[in-house]
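Here is how the chains run, residue by residue.
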Amino acid sequence: MRKRVLRMYRIVRKEVLNPAVKLMDIEAPRVAKSAKPGQFVILRIYEKGERIPLTIADYDPGKGTVTIVFQEVGKSTKLLGTLNEGDYIADFVGPLGNTMEVPKGAKKILGVGGGVGIPALYPKLKMLHQEGYKVEAILGGRSEEYVIFRKEMEAVCDKVYYATDDGTLGKKGFVTDVLKDVLENDKEVDFVITVGPVIMMKNVCKMTKEYNIPTIVSMNPLMVDGTGMCGACRIEVGGETKFVCMDGPIFDGHLVNFDLAMTRLNMFKKQEKISLELYEKEHGGGHHGR
Amino acid sequence: MAVKDRVPMREQDPKVRIKNFDEVALGYTEEEAILEASRCLQCPNPTCVAGCPVHVRIPEFIKAITERKFEEAYKIITSTNSLPAVCGRVCPQEEQCEKNCILNRIGKPIAIGRLERFVADYALQNNIEEEVKPEKKNKKVAIIGSGPAGLTCAGDLLKMGYDVTIFEALHALGGVLTYGIPEFRLPKRIVEAEIERLKKLGAKVETNVVVGKTVTIDELMEEEGFEAVFIGTGAGLPRFMGIPGENLNRVYSANEFLTRINLMKAYKFPEYDTPIAVGKRVAVIGGGNVAMDAARSALRLEGVEEVIVVYRRSKEEMPARAEEIEHAIEEGIKFEFLANPIRINGTEDGWVKSMDVIRMKLGEPDSSGRRRPIEIPGSEFTMEVDTVIMALGTSPNRLIPSTTKDIQVQKWGGIITDEDGRTSRPGVFAGGDAVTGAATVILAMGAGKKAAKAIDEYLRNKK
């Protein structure tokens, strides 16, 4: 399958961040030049591939590269994970979506990230840090190895708290358990940015609403074109239908209908399972790259 | 000369074709084409040409067919039309050239579209190329969007010798010809072949560039040396009704449904990775060509038992081409006329279960000249459907006007231009659905053609 890949966008760096998550720097000079924190890309691995939206984790206009981080959950992400440095992917388009606006007047900003939401949160906090804001973060995952991008985050945050399901790093529990402690004890925090699984963002927003702290989220729904053409990515915000690709991906977390967002993620569950099973049958389940 | 009946075009049997995505209409043979062409009266003042937005020299190419000079016929057509294999298939000829045919007075008009298709297909099969060797002009023009408007504008500018680069947001070229119109009406190999011809003429192509995001028009003109820009970005934003339940699972815009099938080839899932999810009973809302395309595509998908088109007016007011409606009926698509959805009902876990609809009646004509549909109070009823496709029309994307200096737009998003496609900003031109709102392939091509002429004039006068 790798041989079918068109020679278009080269993978210049690949890192395995944990058993399920990989990082790649993709050569895409136009995207790297225009990218801003908060935006995403859509990539297609090969001719028969689907269009996969991924939040930009970092970018380097000088080198002309864009960093993506992805979790191998279905056929497409597993296939992407088999590619190596020097390989090419067929299509890589972006930057899409709106850029994050700086929260004017905020004093201390708290980022809350989970799983592959952490690298998606990173460029936002990095920008705020560079803008001179006080920035702290709460990062969580299943266990220590699932809490990725720690070094990068620690470099742009004044303080980083951790939470893991099994207690191997930081507090044993969810990010919301740490969030509660922080909000109780640190009255300076006046703005929250959260990126991660929908259920996590829902719980974070529920809590920050109780404390009346403005909170933004970055949504990652199903998409096709990513330019407003199809509406596959629609969600409800404050009772109104929005297209994440055009109106987002960043929204006021206190207005997002997270339950609908979760339901819509299930639209192709059956087909995704078929696709993955077929792929694993063909590849013996052990066809992994470095 | 006695007017014989129009030569019919062979088609796939409806019972067979609803199981595949292959082309429905099979085209004329050489003998059929010559027979049909011989019906043309060769009017000295041909009214058909006036009905064609790109002014194809119709009697001339038809005469060449009668003389079996198919290559010559092709050269006559392509001297004004860059996409004949496309036009021969999807133009509404009955409202344009064929409508003006003198034979209408005594019988059926000459089948201009079918003959155009025959000639174009003949040329593609026999690798006949246009002989164009224009003098190179060292001036760069950017074409934004590779749909019918952009491709036509690019084709004409290439023939004038300009250095043309086409920017496309998607990974494949063709715009609506690729993502919108289904394979069974316009095979993608035809679209690809027409685009290949443009590349041979020297067109440069950059896919995966969303102008307004990846790069702006200002950057293209100020940093990358483009002296003129044509915006042919179409009308891609889908409309929804704003009724309850529209965000349930298995409610699609026609754009999403058709893009998954046509561009992403979801009808070949799991060979192709992009899925499509449909139930057994599909409702398609709307009465235009896109509604027909969505309905007929849905019918061809595995597991679908029934497809019902729900339209708020009656059959007479349907904006879809008569041929498309006929094909849909032949294939077994059902119609629920004078009905309008008011609510989509869902299961507990968020999937479409049924749709509540209200009966309509027709009142006085509205601004479109069609009779306005009015709700009949108390006439609500429920349709048991599990998939709903909204084909209610589309509007232009505001991305480019909002990221480009000095481009004026209408309230509804259409770019404002003069008759020849000049926008409010010198050097920037626009045409097609991006200017007019959703219309037809051929009108977009006509606009692309006019703009190419205006761009040439602009660049020749610019120092």
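Cut-offs used in this document
Residues numbered from 1 in each chain as written. Chains lettered and ligands numbered in written order. Predicted model: local features only at pLDDT ≥ 70, side-chain atom pairs only at ≥ 80, totals over all residues. Heavy atoms only, no water. Helix = DSSP H or I, 4+ residues; strand = E, 2+ residues; numbered from the N terminus. Rg over C-alpha atoms; globule rule 2.2 N^0.38 Å. Buried < 20%, exposed > 50% of the residue type's maximum accessible area, 1.4 Å probe, protein only. Contact = heavy atoms within 4.5 Å. Lys, Arg positive; Asp, Glu negative; His and termini not counted. Charge placed at Lys NZ, Arg CZ, Asp CG, Glu CD. UniProt positions renumbered as here; feature names shortened; annotations may be inferred. Phe/Tyr/Trp six-rings, centres within 6.5 Å; stacked < 30°, edge-to-face > 60°. Pairing = 2+ DSSP bridges. Axes fitted to C-alpha atoms, helices over the stretch in contact; angles between N-to-C directions. Salt bridge = Lys/Arg side-chain N within 4 Å of Asp/Glu carboxyl O. Domains from an automatic or database assignment. Buried area = accessible area lost by both parts, 1.4 Å probe. Left-handed = near helix turned anticlockwise from the far one by under 90°. Nonpolar A, V, L, I, M, F, W, Y, C, P; charged D, E, K, R; others polar.

1. Concerning the overall build of chain B
A tally of helices and strands in chain B yields 17 helices and 18 strands. Its C-alpha atoms give chain B a radius of gyration of 23 Å, near enough to 23 Å, the size a compact globule of 463 residues would have. Judged by the C-alpha coordinates and their principal axes, chain B covers about 65 × 60 × 50 Å. Relative to its 463 residues, chain B shows a buried fraction of 60%. Relative to all contacts within chain B whose residues are 6 or more apart in sequence, the contacts with residues 24 or more apart total 70%. If you average the places of the 64 positive and of the 68 negative side-chain charges in chain B, the two averages end up 3 Å apart.

2. Things to note about the UniProt feature "domain: FAD/NAD(P)-binding" (unreviewed entry) in chain B
The feature "domain: FAD/NAD(P)-binding" (unreviewed entry), as given by UniProt, occupies residues 139-448 of chain B in the numbering adopted here. The span residues 139-448 of chain B shows a helical share of 27% and a strand share of 25%, and its end C-alpha atoms are spaced 18 Å apart.

3. Details of unusual backbone geometry
Here the bond from glycine 94 of chain A into proline 95 of chain A is cis, since omega is -10°, no more than 30 degrees from zero. As for its placement among the helices and strands, proline 95 of chain A is situated in strand E8 (residues 91-96). Backbone torsion omega between phenylalanine 269 of chain B and proline 270 of chain B reads 5°, so that peptide bond is classified as cis. Tracing the backbone shows proline 270 of chain B in the loop between helix H12 (254-263) and strand E9 (281-285). Positive phi values are uncommon outside glycine, yet arginine 68 of chain B reaches one of about 60°. Within the secondary structure, arginine 68 of chain B is located in the loop between helix H4 (58-66) and helix H5 (70-78). Residue class for arginine 68 of chain B comes out partly exposed when judged on its relative accessible area of 42%. Non-glycine residue arginine 250 of chain B carries a positive phi angle of around 75°.

4. Some thoughts on the packing of aromatic side chains
Residues and elements named next belong to chain B. Using the criterion set out here, one finds twelve aromatic pairs over all chains in the structure. Here phenylalanine 21 and phenylalanine 184 contribute two aromatic rings whose centre-to-centre distance is 6.1 Å and whose plane-to-plane angle is 45°, an arrangement assigned as tilted. Of the two residues, phenylalanine 21 sits in the loop between helix H1 (14-17) and strand E2 (25-27) while phenylalanine 184 sits in the loop between helix H9 (176-179) and helix H10 (188-200), which places them 163 residues apart along the sequence. Between the aromatic rings of phenylalanine 429 and tyrosine 458, the centroid separation amounts to 5.8 Å while the plane-to-plane angle is 70°, which identifies the pairing as edge-to-face.

5. Regarding the sheet that holds strand E18 (residues 428-430) of chain B
All names here are of chain B. Judged by pairing direction, the sheet is parallel, and its five strands sit side by side in the order E5-E4-E3-E6-E18 without closing on themselves. Among the strands making up the open sheet, the edge pair consists of strand E5 (204-206) and E18. The mean angle between the axes of side-by-side strands here comes to 20°, regardless of whether they run parallel or antiparallel. Inspection of the sheet shows strand E3 (residues 140-144) paired to strand E6 (residues 226-231) by five bridges, in the parallel sense. Pairing of lysine 140 across the sheet is with phenylalanine 226, part of E6.

6. Digging into the pairing of strand E13 (residues 352-365) of chain B
Successive residues of a regular strand alternate their side chains across the two faces of the sheet. Residue and element names in this part refer to chain B. Alignment of strand E12 (residues 339-346) against E13, held across seven bridges, turns out to be antiparallel. Following the sheet pairing, alanine 339 is matched in E13 by arginine 359. Counted between consecutive antiparallel strands, the loop separating E12 from E13 contains five residues, among which glycine 350 sits at a positive phi close to 95°. Here E13 runs beside strand E15 (residues 381-383); their pairing, made up of three bridges, is antiparallel. From the neighbouring strand, valine 357 faces E15, where its bridge partner is phenylalanine 381. Sheet topology places E13 next to strand E14 (residues 371-375); four bridges connect them, and they run antiparallel. Residue pairing in the sheet places leucine 362 in a bridge with proline 373 of E14. Counted along the chain from E13 to the antiparallel partner E14, the turn is five residues long, and its residue glycine 369 has a positive phi close to 90°.

7. A closer look at the pattern of salt bridges
Residues and elements named next belong to chain B. Here the structure, examined in full by the defined rule, presents 61 salt bridges over all chains. The closest approach of N and O atoms between arginine 68 and glutamate 30, which form a salt bridge, is 3.1 Å. A residue pair is termed long-range when its members are at least 10 positions apart, and arginine 68 in the loop between H4 and H5 and glutamate 30 in helix H2 (residues 30-37) qualify at 38 residues. Exposure remark for glutamate 30: the relative accessible area of 32% places this residue in the partly exposed category. Bridged by salt links that share partners, the residues Arg17, Arg185, Asp293, Arg296, Arg300, Glu324, Glu330 and Glu331 form one connected network.

8. Some details on the domain arrangement of chain A
Residue and element names in this part refer to chain A. Domain parsing of chain A yields domain 1 (9-96) and domain 2 (98-218). For domain 1 versus domain 2, the distance between C-alpha centres works out to 24 Å. Across the boundary between the two partners, domain 1 contributes 18 residues, which contact 16 residues of domain 2. The junction of domain 1 with domain 2 conceals about 1400 Å² of combined surface from both sides, 64% of it contributed by carbon and sulfur atoms. By the criterion of area lost to domain 2, the three top residues of domain 1 are Asn18, Pro37 and Ala57, representing 32% of everything that side buries.

9. Considerations on the interface of chain B and chain A
Facing 46 residues of chain B, the contacting portion of chain A comprises 46 residues. When residues of chain B are sorted by the area they lose upon contact with chain A, Lys213, Asn247 and Asp273 of chain B head the list and together hold 20% of the total. Put simply, chain B and chain A have five salt bridges between them. Between glutamate 223 of chain B and lysine 33 of chain A there is a salt bridge, with the nearest N and O atoms lying 3.0 Å from each other. Among the elements of the structure, strand E7 (237-238), strand E8 (251-253) and H12 of chain B are those that each provide at least two residues to the side of chain B that touches chain A.

10. Notes on the packing of helix H8 (residues 148-159) of chain B against helix H17 (residues 441-461) of chain B
All names here are of chain B. Relative orientation of the contacting elements H8 and H17 amounts to 35°, with a least axis distance of 7 Å. The hand of the H8/H17 crossing is right-handed. In this structure, H8 uses Pro148, Ala149, Thr152, Cys153, Asp156 and Leu157 to contact H17, whose residues at the interface are Val441, Ala444, Met445, Gly448, Lys449, Ala451, Ala452 and Ile455. For the contact of H8 with H17, the class distribution of residues is ten nonpolar, two polar and two charged.

11. Observations regarding the UniProt feature "binding site: FAD" (unreviewed entry) in chain A
Residues and elements named next belong to chain A. Per the UniProt entry, the sites bearing "binding site: FAD" (unreviewed entry) are Val69, Phe70 and Gln71 in this numbering. When its relative accessible area of 7% is taken as the criterion, valine 69 is described as buried. Leave out the neighbours within four places in its chain, and valine 69 touches Leu17, Val21, Lys22, Leu23, Leu54, Ala57, Val116, Pro119, Ile148 and Phe149. One can find phenylalanine 70 in strand E6 (residues 65-71). Excluding residues that lie within four positions of it along the chain, phenylalanine 70 makes contacts with Ala20, Val21, Lys22, Met24, Leu54, Thr77, Leu80, Gly81 and Val116.

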